[in-house]
Amino acid sequence: MSKVYSLPSRLKEDLKLVEDELTRIVSLKEGKLAEAALTTLKAGGKRLRPILVLLTGMINIYDVSKLIPSAVAIELVHTASLIHDDVLDGADTRRGSPTINATWDEKVAISTGDYLFGVAFEILSKLNNPYLMKVMAEAALALSVGELHQMRTCRNFNQTIDDYLTKIRNKTALLFSAACSMGAVLSGAKETEIEAVGRYGENLGMAFQIYDDVLDISGDKRILGKPIGIDLKDGMVTMPIFLALQETSQRAYLQNVVENVNSTEEEIEKAIRIIKATSAIKETKNRAKGFVEKAFEALKLIDADEARRELRFIGEFVINRYH
Ligand code: FPP
Ligand code: MG
């Protein structure tokens, strides 16, 4: 499979409707807030979560009138969390474009994120489905728990790989899982399928975040459109570091780079060389692949051929993007 995932044409049209609706919603507000929100949405993104809502919506009866608002709502929650994350990280750019906090200020960014977050729940509430509200509320709560966990473990070298896995489950995987459960529920899927697709989404999300973390160490700056080693610089201990520690004799060096707020570019580059000299990158990719395998295992419980096939393609896309 290619590195580009191509949606079935019917879904492409619906994804375009999601895109139009996102633009329409954020344009309703006037002034800085609308401009800021629009700039963020237009900076792009793969729209993976809306795609997952639409694809899982194919499991039984595809109801576009409910799938589109749900896909819009989940993308708004995701976007709101990224806007807030950029404030917390003091990030100047995202996806190569200036962040709201950089272009305007933190107040505008926080208010814009709050606004998008509120609109998402307003849209969802109009579908009058308590299950959807519950899934989204739990996923939003998990995002916050994940972010708090990240803050707590930042520059802390005494955490375990399980700490890391819990953190990424909360900050990334559970929103993927929510996207899948929402689509399945809206299609009227069976209980076993809703549960299975939720597990698919969670494992896919785990793999997605682990690959993202590998790229921060082994990626190509030109292809990524952002510098390498940002996580190390920010004091984040990710899976490649945990695995490198099992092999390297340079533990003290890595610990110093993670714990030191003022690590230089040269020190970060050396830390990356130390990690790359071990089998950590290869082993981390294998572990991510293991999560995709688990996601595929869950798909076996889905009775709908087309949905199962497309969801599998997404899993392959996640693997192939990085190999
Ligand atoms: C990006 O990850 C950030 C997240 C996945 C979650 C951020 C969550 C919050 C700020 C809390 C909740 C907010 C709301 C509105 C519910 P990253 O920092 O690993 O990746 P990056 O390199 O893209 O920043
Ligand atoms: Mg961040």
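Residues numbered from 1 in each chain as written. Chains lettered and ligands numbered in written order. Predicted model: local features only at pLDDT ≥ 70, side-chain atom pairs only at ≥ 80, totals over all residues. Heavy atoms only, no water.

Can you explain the environment of Glu202? Please cite residues and give values.
As for its placement among the helices and strands, Glu202 is situated in helix H9 (residues 191-218). Expressed as a C-alpha distance, the spacing of Glu202 and Ala73, which sit 129 residues apart in the sequence, is 19 Å. A distance of 2.6 Å separates a polar atom in the side chain of Glu202 from a polar atom in the side chain of Arg169. (Helix = DSSP H or I, 4+ residues; strand = E, 2+ residues; numbered from the N terminus. Polar contact = N/O pair within 3.5 Å; in protein donor to acceptor, adjacent residues only side chain to side chain.)

Any details on a nonpolar patch on the surface? Residues and values, ideally.
There is a patch of nonpolar side chains on the surface, built from Leu88, Leu148 and Met151 and spanning about 300 Å² of accessible area. Inspection of the secondary structure assignment puts Leu148 in helix H7 (residues 130-153). (Patch = residues over 30% accessible without salt bridge, like charges linked within 9 Å, V, L, I, M, F, W, Y side chains within 5 Å. Areas by Shrake-Rupley, 256 points an atom, 1.4 Å probe, with all protein chains shown as cover. Salt bridge = Lys/Arg side-chain N within 4 Å of Asp/Glu carboxyl O.)

Before we move on, could you go through the packing of helix H3 (residues 48-56) against helix H8 (residues 161-187) and cite the residues and values that matter?
In contact at an axis separation of 7 Å, H3 and H8 are set at 30 degrees when each is read in the N-to-C sense. Taken together, the axis directions place H3 and H8 in an arrangement best described as roughly parallel. Handedness of the crossing formed by H3 with H8: right-handed. Residues Leu48, Arg49, Leu52, Val53 and Thr56 of H3 form the contact with H8, whose own contacting residues are Leu175, Phe176, Ala179, Cys180, Gly183, Ala184 and Ser187. Taken together, the residues that form the contact of H3 with H8 break down as eight nonpolar, three polar and one charged. (Axes fitted to C-alpha atoms, helices over the stretch in contact; angles between N-to-C directions. Parallel < 35°, antiparallel > 145°, perpendicular 65-115°, else oblique. Left-handed = near helix turned anticlockwise from the far one by under 90°. Contact = heavy atoms within 4.5 Å. Nonpolar A, V, L, I, M, F, W, Y, C, P; charged D, E, K, R; others polar.)

How would you sum up helix H14 (residues 265-276)? Please name residues and give values.
Quick reminder: α-helices carry 3.6 residues per turn. Residues three or four places apart thus point the same way. For H14, built from 12 residues, the straight-helix expectation of 16 Å at 1.5 Å per residue is met to within 8% by its first-to-last C-alpha distance of 16 Å. Among the residues of H14, Ile268, Ala271, Ile272, Ile274 and Ile275 are the ones counted as buried. Seen end-on, H14 carries its buried residues on one side only, within an arc spanning 160 degrees. Every exposed residue of H14 that faces more than 90 degrees away from the buried side is listed here: Glu266 and Arg273. Among the structural elements, H9, helix H11 (230-233), helix H12 (239-245), helix H13 (251-259) and helix H15 (280-299) are those in contact with the buried residues of H14. (Expected span 1.5 Å × (residues − 1). Buried < 20%, exposed > 50% of the residue type's maximum accessible area, 1.4 Å probe, protein only. Arc of directions from axis to C-beta.)

Residues and numbers for unusual backbone geometry, please.
Here Arg47, not a glycine, exhibits a phi torsion of approximately 55 degrees, which is positive. Even without being a glycine, Arg95 presents a positive backbone phi close to 50 degrees. Its place among the elements puts Arg95 in the loop between strand S1 (93-94) and strand S2 (97-98). Taking relative accessible area as the criterion, Arg95 reaches 40% and is therefore assigned partly exposed.

Explain the coordination of the magnesium ion (ligand 2) to me, and be specific about the residues and the numbers.
Bound to the magnesium ion (ligand 2) on the protein side are Asp85 (OD) and Asp89 (OD), at distances that span 2.1 to 2.2 Å. Of this pair, Asp85 and Asp89 are both found in helix H4 (residues 64-89), four residues apart, which corresponds to roughly one turn of the helix. Classification of Asp85 as buried rests on a relative accessible area of 13%. With a relative accessible area of 38%, Asp89 lands in the partly exposed category. (Donors = N, O, S within 2.8 Å, 3.2 Å for Na, K, Ca; no water.)

Quick rundown of the pattern of salt bridges? Include the residues and the values.
Under the defined criterion, the tally for this structure stands at 17 salt bridges. Glu306 is the partner of Arg10 in a salt bridge, and the nearest nitrogen-oxygen pair spans 3.6 Å. Here Glu306 lies in helix H16 (residues 305-320) and Arg10 lies in helix H1 (residues 9-27), a separation of 296 residues in the sequence. Arg287 serves as the salt-bridge partner of Glu283, at 3.3 Å between the closest nitrogen and oxygen. Here Glu283 and its partner Arg287 are both found in helix H15, four residues apart, which amounts to about one turn of the helix. Among the residues examined, Arg287 registers a relative accessible area of 33% and is labelled partly exposed. Bridged by salt links that share partners, the residues Glu19, Arg47 and Glu75 form one connected network.

Would you mind going over the site of ligand 1 in detail, with residue names and values included?
The full set close to ligand 1 counts 15 residues, and Ser81, Asp85, Arg94, Glu147 and Lys171 are the nearest of them. Arg94 is positioned with one of its side-chain polar atoms (N or O) 2.7 Å from an oxygen atom of ligand 1. Take Lys171: an N or O atom from its side chain is 2.4 Å from an oxygen atom of ligand 1. Look at ligand 1: alone it shows 630 Å² of surface, and the protein chains cover 83% of it. Put simply, the parts of the chain that give the shell around ligand 1 at least two residues each are H4 and H7. (Near = heavy atom within 4 Å.)

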